[in-house]
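Structural characterization, general
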Amino acid sequence: MGPYPEIEPYDHGMLDVGDGNRVHWEVCGIPRGKPAVMLHGGPGSGANPNFRRYFDPAAYRIVLLDQRGCGRSTPHASAYDTDMSVNTTGHIMADLELLRRHLGIERWLVWGVSWGSVLGLRYAQTHPEAVTELVLTAVATGSDAEVALLTRGLGNLFPEAFEKFRAGVPEGERDGNLAAAYNRLLESPDPEVRARAARAWTDWETAMAPAPPRSIPRYEDPVFRMGFARTVTHYWGHDHFLGEGNEGAEGVVLRDVHRLKNIPGTLVQGSLDPGNLLGTVWRLHHAWPGSELIIVDEVGHNAGAPGMVDELVAATDRYAVRR
């Protein structure tokens, strides 16, 4: 099946969402089509133009946005004076609602990859009246266990890279929350400290790539590298801003799965996704009766792999006729 042909936006803009932030958005497809919004990963990756191709442009009105601080949104997280205290999950939820109203959309399909799946789940739980369906891939829930797995648990698989990653933080912080420790370095007033921390963080992200050659070109862009590392550690070091009181982030998302009871959803997951080690996607699927779970063999945390693309396009095609 594969993706649809490349398309360009027919409309775009910068939305003033407050706090000095302006969020870049674009719309592709057909103006009177079924509305859909795409939530990128990271946090901090920015919208991927290839994701426009996961929807039939003759059936959908496809909305993409760069979340606060990344992509073409301003100010960018790579700038030291950018205020990260106004970049939280709650702020992104509010931005989505502001954008939905700005575009005159009543309800939309929500598509999310990785961190975008966390956002999609939380948005649908808190704004169920605005969501027609969910299509989620490389599924995560923003739990403490997921962060611990990716920052420490996988160290046994990549011991040499992990030792370098762990050594990148002060000795007294190496046995604690590594994401929070790196975030403190990335908030340092010393630009050399920030630069070393960003490189060390993305070196570890590269080491965890599913197969050789372990090379991720976007990390060679110093602006992207700094903004991405700062944003990821900001969220991962603060429970993804999902915790409520003493309740962990995982408890919030899975606790509220019942709010999705009237929303159909498709979960497309690679069989080799490291997040599967925690069983999260299966627990989510079994707690959500309206969901279907599709496992794609021999694929990791990669929504762009051929088998993944086929299943994601098939899902949006099925939902295209549903209003």
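The paragraphs below set out a description of the structure included in this document. Treat the numbers as computed from the prediction; the structure is a model and nothing was measured. (Residues numbered from 1 in each chain as written. Predicted model: local features only at pLDDT ≥ 70, side-chain atom pairs only at ≥ 80, totals over all residues. Heavy atoms only, no water.)

1. Focus: the packing of helix α5 (residues 178–186) against helix α6 (residues 191–207)
Running from N to C, α5 and α6 point in directions that differ by 145 degrees, and their axes come no closer than 8 Å. Contacts between α5 and α6 involve L178, A179, Y182, L185 and L186 from the first element and V193, R194, A197, A198, A200 and W201 from the second. The class makeup of the residues in the contact of α5 with α6 is 10 nonpolar, no polar and one charged. (Axes fitted to C-alpha atoms, helices over the stretch in contact; angles between N-to-C directions. Helix = DSSP H or I, 4+ residues; strand = E, 2+ residues; numbered from the N terminus. Contact = heavy atoms within 4.5 Å. Nonpolar A, V, L, I, M, F, W, Y, C, P; charged D, E, K, R; others polar.)

2. What about the pairing of strand β7 (residues 265–270)?
With respect to burial, β7 is a largely interior element, six of its six residues being buried. Neither face of β7 is left uncovered, since the one carrying G265, L267 and Q269 and the one carrying T266, V268 and G270 both have all their residues buried. Relative to β7, strand β6 (residues 131–137) is paired through four bridges, and the arrangement is parallel. The residue bridging L134 from the neighbouring strand is G265, located in β7. You can see the chain leave β7, run along helix α9 (residues 280–287) and come back into strand β8 (residues 291–296), and the turn it takes is right-handed. (Buried < 20%, exposed > 50% of the residue type's maximum accessible area, 1.4 Å probe, protein only. Pairing = 2+ DSSP bridges. Right-handed = clockwise from strand over helix to strand, strands pointing away.)

3. Some details on the sheet that holds β6
In space, the eight strands of this open sheet follow the order β1-β2-β4-β3-β5-β6-β7-β8, with mixed pairing throughout. Single-partner strands in this sheet number two, and they are β1 (11–18) and β8. With strand direction ignored, the average angle separating the axes of adjacent strands in the sheet is 20 degrees. In terms of strand pairing, strand β3 (residues 34–39) meets strand β4 (residues 60–65) through five bridges, oriented parallel. Bridging across to β4, A36 finds its partner in I62. Its contacts with the sheet put helix α1 (residues 89–102) on β1, β2 (21–29), β3, β4 and β5 (108–113), and the angle it makes with β1 is roughly 135 degrees.

4. Regarding the pattern of salt bridges
If you walk through the whole model with that rule in mind, you get 19 salt bridges. In this structure, E220 and R199 form a salt bridge, with 3.2 Å as the shortest nitrogen-oxygen distance. Taken together, the positions of E220 in the loop between α6 and α7 (222–236) and R199 in helix α6 put the pair 21 residues apart, joining distant regions of the chain. The salt bridge involving D256 is made with R259; its shortest N-O contact spans 3.8 Å. Residue class for D256 comes out buried when judged on its relative accessible area of 2%. Residue R259 is classed as partly exposed on the basis of its relative accessible area, which comes to 36%. (Salt bridge = Lys/Arg side-chain N within 4 Å of Asp/Glu carboxyl O.)

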